Amino acid sequence: MIDAAILPLQRRALQPAAVWLAARGVSADRITLAGFALGLAAVVALAFGAFGIALLLIALNRLCDGLDGAVARLTTPTRRGAFLDIALDFVFYALVPLGFALHAPATNALPAAALIAAFVGTGSSFLAFAAVAAQASEAGRTAPRYPTKGIYYLGGLTEGFETIAAFVLMCLFPDAFPVIALAFAAACAISTLLRWRQGWIAFAPD
């Protein structure tokens, strides 16, 4: 919901580190892959109940997610990089609830399943909009886009910032995971419905 507002602040904050990495030949794709590896480690930490470590790894994953784009803009952004970034992000988002489910299946499995299903709704509506918007752009129609993103971007009630905020709360209060997960799943469902409506309107026949 507030990603568009915080992106310029994030970009300025990460610029010095991105310049340092780019000057040393660290590619954006390498940062993306390193971030995903950190995300996988976070899932393992969650499964074993090491919530503090998991929170740190999630934070590092998100740091890499910001740095890869910053480095790409300093070098040569590629379609492969944009694809890799968004594809791994969606897998990471789904794996975090799985980590909580693995830790306590009896209490967490059903809320985790509900949240992952809700992520399918937000992710599929997001990517469907991006694909159709790209086709519309090629046909000469206009479509909204974040200028710093590699794909056409449809906002919503639950975006990256809100998702990570929910993950932080889950790590800080793991016993409350079922309540947080179900509440956020409901918010994601609302976001999906709003995105369906936006896409229906945006791509109405001329």
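Each remark here, short or long, concerns the structure printed above.
Bear in mind that the values here come from a model prediction, so they are computed numbers and not experimental data.

K.L.:
Sorry, what's going on with the overall build of the chain here?
P.N.:
Secondary structure assignment for the chain yields 7 helices and 0 strands. The secondary structure elements of the chain, listed N-terminal to C-terminal, are α-α-α-α-α-α-α. Sorting the 206 residues of the chain into buried and exposed places 41% on the buried side. Long-range contacts, defined here as pairs at least 24 residues apart, represent 78% of the contacts in the chain between residues at least 6 apart. Just so you have it, the chain exposes about 10800 Å², and 71% of that area is on carbon and sulfur atoms.

K.L.:
Looking at this model, I keep getting lost on the nonpolar core. Mind explaining?
P.N.:
Proteins that are soluble and globular tend to have nonpolar side chains buried together. Core analysis: the biggest nonpolar cluster contains 27 residues, and Phe100, Phe167 and Met170 have the highest contact counts within it. For this core, the secondary structure elements donating two or more residues are helix 2 (28-47), helix 3 (51-74), helix 4 (79-103), helix 5 (105-138), helix 6 (160-172) and helix 7 (177-202). Per-element accounting of this core gives the leading share, 6 residues, to helix 7. For Met170, the contacting residues outside a window of four places in its chain are Phe100, Leu115, Phe177, Ile180 and Ala181. One finds Ala28, Ile31, Leu67 and Ala70 within the second-largest nonpolar core, a separate group that totals 10 residues.

K.L.:
Any chance you could explain the packing of helix 4 against helix 6 here in plain terms?
P.N.:
Axes are the key here: two packed helices are described by the angle between their axes and the distance separating the axes. Between helix 4 and helix 6, the shortest axis-to-axis distance is 12 Å and the interhelical angle comes to 15°. Our classification of the angle between helix 4 and helix 6 gives roughly parallel. You can see that helix 4 and helix 6 cross each other, and the crossing is left-handed. Contact residues: Phe92, Tyr93, Val96, Pro97 and Phe100 in helix 4; Gly160, Thr163, Ile164, Phe167, Met170 and Cys171 in helix 6. Its residues placed into classes, the contact of helix 4 with helix 6 shows 9 nonpolar, 2 polar and no charged.

K.L.:
How should the packing of aromatic side chains be read in this particular structure?
P.N.:
The description of an aromatic ring pair uses the distance of the two centres, along with the angle that the planes make with each other. Considering all chains together, one arrives at 11 aromatic pairs under this definition. The structure contains a cluster of three or more aromatic residues connected by ring pairs, namely Phe90, Phe92, Tyr93, Phe119, Phe126, Phe167 and Phe184.

K.L.:
Help me understand the pattern of salt bridges in this model?
P.N.:
As a working rule, side chains carrying opposite charge can pair if their charged atoms are close by. Enumeration according to the criterion identifies 3 salt bridges in this entry. A salt bridge links Arg80 to Asp29; its shortest N-O distance comes to 3.3 Å. Of this pair, Arg80 sits in helix 4 while Asp29 sits in helix 2, placing them 51 residues apart in sequence. Assessed through its relative accessible area of 17%, Asp29 is described here as buried. Taken together, the shared-partner salt bridges in this structure form one network comprising Arg62, Asp65 and Asp89.

K.L.:
I tried to follow the environment of Ser124 on my own but got confused; where do I start?
P.N.:
Inspection of the secondary structure puts Ser124 in helix 5. Counting along the chain gives 68 residues from Ser124 to Thr192, while the straight-line C-alpha distance between them is 8.7 Å. At 2.7 Å, the side chain of Ser124 forms a polar contact with the backbone oxygen of Val120.

K.L.:
I tried to follow the packing of helix 3 against helix 6 on my own but got confused; where do I start?
P.N.:
It is at 9 Å that the axes of helix 3 and helix 6 come closest, and there the two elements cross at 165°. Comparing the axis directions of helix 3 and helix 6 gives the class roughly antiparallel. Helix 6 is crossed by helix 3, and the crossing has left-handed handedness. Across the interface between the two elements, Phe51, Ala54, Leu55, Ile58 and Arg62 from helix 3 touch Ile164, Phe167, Val168, Cys171 and Leu172 from helix 6.

K.L.:
Explanation requested: the side chain of Asn108 in the structure shown.
P.N.:
By the secondary structure assignment, Asn108 is in helix 5. In this structure Asn108 touches Phe100, Ala101, Phe177 and Pro178, once residues within four positions along its chain are discounted.

K.L.:
I'm lost on the environment of Ala114 in this one. Help?
P.N.:
Looking at where Ala114 falls in the secondary structure, it is placed in helix 5. Relative accessible area serves as the criterion here: at 29%, Ala114 is assigned to the partly exposed category. Residues Ala114 and Leu182, 68 residues apart in the sequence, show an inter-C-alpha distance of 6.9 Å. Residue contacts for Ala114: discarding those within four places in its chain leaves Leu182 and Ala185.

Rules and cut-offs
Throughout this description, residue numbers start from 1 for each chain and increase along the sequence as written. With the structure being a predicted model, the display of local features is reserved for residues of pLDDT at least 70 and the display and counting of side-chain atom pairs for 80 or more, all residues being used for whole-chain, interface and lining totals. Values shown for side chains rest on all heavy atoms present in the structure; no hydrogens or waters enter the calculation. Helix numbering and strand numbering both begin at the N terminus, where a helix is a DSSP run of H or I of at least 4 residues and a strand a DSSP run of E of at least 2. Remark: exposure states derive from per-residue accessible area (1.4 Å probe, protein chains only) relative to the maximum for the residue type, with buried under 20%, exposed over 50%, and partly exposed in between. Contacts were defined at the residue level, with two residues in contact if any of their heavy atoms lie within 4.5 Å. Reported accessibility uses the Shrake-Rupley method at a 1.4 Å probe radius. Residues are deemed covered only where the shown protein chains occlude them. The definition of a nonpolar core used throughout is a set of buried Ala, Val, Leu, Ile, Met, Phe, Trp, Tyr and Cys residues joined through side-chain atoms within 4.5 Å. Where helices are involved, their axes are fitted lines through C-alpha atoms of the stretch in contact, as for all axes, and angles between N-to-C directions lie from 0 to 180°. What sets the label is the angle itself: under 35 degrees gives roughly parallel, over 145 gives roughly antiparallel, 65 to 115 gives roughly perpendicular, and the rest give oblique. Handedness of a crossing is defined here by the sense of rotation of the near helix relative to the far one, left-handed for an anticlockwise turn of less than a right angle and right-handed for a clockwise turn. Each residue is assigned to one of three groups, with Ala, Val, Leu, Ile, Met, Phe, Trp, Tyr, Cys and Pro labelled nonpolar, Asp, Glu, Lys and Arg labelled charged, and all others, Gly among them, labelled polar. Between 30 and 60 degrees the pair is tilted, below 30 it is stacked and above 60 it is edge-to-face, where a pair is any two Phe, Tyr or Trp rings, Trp via its six-membered ring, whose centres lie within 6.5 Å. Any Lys or Arg side-chain nitrogen located within 4 Å of an Asp or Glu carboxyl oxygen qualifies as a salt bridge. Counted as a polar contact is a pair of N or O atoms within 3.5 Å, where, for protein atoms, one must be capable of donating a hydrogen and the other of accepting one, and residues adjacent in sequence contribute only when both atoms are in side chains.

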